[in-house]
Amino acid sequence: MGVNLDGLLLAVDAGNSKTDVAVLAPDGTVLGEARGGGFQPPVVGVEAAVGALAEIVDRAWQAAGGAAVPVAFAQVAACLANADLPVEEAALKAGLEARGWGGAVHVWNDTFAILRAGVDEPRGVAVVCGAGINCVGMLPDGRTARFPAIGKISGDWGGGGGMAEEALWFAARAEDGRGKPTALARTLPGHFGLPTMYALIEALHLGRIPVERRHELTPVLFRTSAEGDPIARSLVDRLADEVVALASVALGRLGLLDEEVPVLLGGSVLAARHPRLDDRIAGLLAAKAPKAVVGVVAAPPVLGAGLLALDAAGAGPAAAERLRGYYGG
């Protein structure tokens, strides 16, 4: 079928584990979509990462009925994992511009996609806790609040990977006597069918259990917390403290601490709706920002990238509503 090229938009949500791309009409209609693997320029380099992204864009364009990627989209909104620092954003933007996809290329950290997916206008704060942890805030006038979010060297604590590491640390010390007793010393190795923490440590160290499987221990930590283990509970509580610290600082930077404003939670850990974690976040945030409205983003982040593309194109509420309807947001 033929496709009208006038005003087409490209929306990209490229996370660490998966990438979603959508080709949009200016009225918010989704013309074509494609999904691919994760976007990891720190591992493969910017050129290779953008090259892999280009293959997904090609498939989305073909799904929209195009034979080849057009010379230019009107707007390209790319929400990218690992776009944590301004210098990284600049390098990624240059890489995207070199593909010739559009005269107006906008690059954001992928956390902005989750935030925009959960708000009716670009106003609010989002905290995302998946493999890592991050927080962003934005206002309609373009001002943002954000953090480097590149690990412990930038002051971060938490995320699924970090929580798993903390749980392993406490469990190892509990088993050998250096630390306080915790059921984690039983539940963590038990998840892999192993009898002891020593066996789990050996399996992880020697690669018999791949590194990427460590994230499986985070749900085990939460289950152990729900069973009443004090150490596991303390880790869940600390994560809530970190979420509220991030959100309240971002709100303060944007002058929103005393205003009614959405604070959105996203990512696999926060979207799992653990009661103890949710309750503590709500209680602590109410003390810091009494009018903040906590919500969980269930819509796919590519919706947020699409809404950012529509924002950049100056599209009206009807286009945004049409796009939300498509993605169930």
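Look up a bit, the structure's there.
Everything numeric in this text was worked out from a predicted model, so none of it was measured.

A. Representation of the overall build of the protein within the structure. Assigned secondary structure in the protein consists of 13 helices and ten strands. Taken against the 2.2 N^0.38 rule, which gives 20 Å for 329 residues, the C-alpha radius of gyration of the protein at 21 Å falls within 12% of a compact globule. Counting only residues that meet the buried cut, the protein has 50% of its 329 residues in that class. Taking the contacts inside the protein whose residues are at least 6 apart along the sequence as the reference set, 66% of them involve residues at least 24 apart. If you sum the accessible surface of the protein, you get close to 14500 Å²; carbon and sulfur atoms cover 55% of it. A distance of 6 Å separates the average location of the 28 positive side-chain charges in the protein from that of its 36 negative side-chain charges.

B. Spotlight on the pairing of strand E4 (residues 75-80). For E4, the tally of buried residues reaches six of six residues, placing the bulk of the element in the interior. Of the two faces of E4, both are covered, the one formed by Gln75, Ala77 and Cys79 as well as the one formed by Val76, Ala78 and Leu80. Bridging between strand E1 (residues 9-14) and E4 involves six bridges; their strand directions are parallel. Bridge pairing in E4 links Val12 to Ala78. Judged from the five bridges that link them, E4 and strand E5 (residues 105-109) form a sheet pairing that is parallel. If you follow Val76 over to E5, its bridge partner there is Val105. You can see the chain leave E4, run along helix H3 (residues 86-97) and come back into E5, and the turn it takes is right-handed.

C. Structural detail: the packing of aromatic side chains. Throughout the structure, instances matching the rule amount to three aromatic pairs. An angle of 85 degrees between the planes, with centres 4.9 Å apart, marks the rings of Trp169 and Phe170 as edge-to-face. A relative accessible area of 46% places Trp169 in the partly exposed class. When the ring of Tyr326 is compared with that of Tyr327, the centres are 4.9 Å apart and the planes differ by 85 degrees; the resulting orientation is edge-to-face.

D. Here's a closer look at helix H6 (residues 184-191). Among the residues of H6, Leu184, Ala185, Thr187, Leu188 and Pro189 are the ones counted as buried. Contacts made by the buried residues of H6 are with helix H5 (159-176), helix H7 (197-205), helix H8 (217-226) and helix H9 (230-253). Immediately beyond the C-terminal end of H6, within one or two residues, lies Gly193, with a positive phi of roughly 75 degrees.

E. Up close: the environment of Pro26. As for its position among the elements, Pro26 is in the loop between strand E2 (18-24) and strand E3 (30-37). Given a relative accessible area of 42%, Pro26 falls into the partly exposed group.

F. Structural context of the sheet that holds E2. As summarised here, the arrangement of the five strands in space is E3-E2-E1-E4-E5, forming an open sheet in which the pairing is mixed. Sheet topology places E3 and E5 at the edges, where each strand pairs with a single neighbour. Put simply, the sheet's adjacent strands are angled 10 degrees from each other on average, direction ignored. Docked against the sheet, H3 engages E4 and E5, running at close to 140 degrees with respect to E5. Against the sheet, helix H12 (residues 301-313) touches E1, E2, E4 and E5, its axis set at about 145 degrees to E1.

G. Fine view of unusual backbone geometry. For Asn82, which is not a glycine, the phi torsion comes out positive at approximately 70 degrees. Secondary-structure assignment places Asn82 in the loop between E4 and H3. The phi angle at Ala149 is positive, at roughly 55 degrees, despite the residue not being glycine. By secondary structure assignment, the location of Ala149 is in the loop between strand E8 (144-146) and H5.

H. Spatial organisation of the packing of H5 against H7. Contact geometry of H5 with H7 gives a least axis separation of 9 Å together with a crossing angle of 130 degrees. In terms of their interaxial angle, H5 and H7 are classed as oblique. Judged by residue contacts, Leu168, Ala171, Ala172 and Glu175 of H5 engage Met197, Tyr198, Leu200, Ile201 and Leu204 from H7. Taken together, the residues of the contact of H5 with H7 break down into eight nonpolar, no polar and one charged.

I. The arrangement of the pattern of salt bridges in detail. One pass over the full model with this rule turns up 14 salt bridges. Here Arg59 ties to Glu55 by a salt bridge, and the two come within 2.7 Å at their closest N and O atoms. Here the residue Arg59 and the residue Glu55 both occupy positions in helix H2 (residues 46-63), the gap between them amounting to four residues, near one helical turn. A salt bridge links Asp241 to Arg280, with the nearest nitrogen and oxygen atoms 3.0 Å apart. A residue pair is termed long-range when its members are at least 10 positions apart, and Asp241 in helix H9 and Arg280 in helix H11 (residues 275-288) qualify at 39 residues. Its relative accessible area of 31% is what places Asp241 among the partly exposed residues. Ionic contacts of the salt-bridge type, sharing partners, join the residues Lys18, Asp20 and Arg35 into one network.

Cut-offs and rules
Residues numbered from 1 in each chain as written. Predicted model: local features only at pLDDT ≥ 70, side-chain atom pairs only at ≥ 80, totals over all residues. Heavy atoms only, no water. Helix = DSSP H or I, 4+ residues; strand = E, 2+ residues; numbered from the N terminus. Rg over C-alpha atoms; globule rule 2.2 N^0.38 Å. Buried < 20%, exposed > 50% of the residue type's maximum accessible area, 1.4 Å probe, protein only. Contact = heavy atoms within 4.5 Å. Areas by Shrake-Rupley, 256 points an atom, 1.4 Å probe, with all protein chains shown as cover. Lys, Arg positive; Asp, Glu negative; His and termini not counted. Charge placed at Lys NZ, Arg CZ, Asp CG, Glu CD. Pairing = 2+ DSSP bridges. Right-handed = clockwise from strand over helix to strand, strands pointing away. Phe/Tyr/Trp six-rings, centres within 6.5 Å; stacked < 30°, edge-to-face > 60°. Axes fitted to C-alpha atoms, helices over the stretch in contact; angles between N-to-C directions. Parallel < 35°, antiparallel > 145°, perpendicular 65-115°, else oblique. Nonpolar A, V, L, I, M, F, W, Y, C, P; charged D, E, K, R; others polar. Salt bridge = Lys/Arg side-chain N within 4 Å of Asp/Glu carboxyl O.

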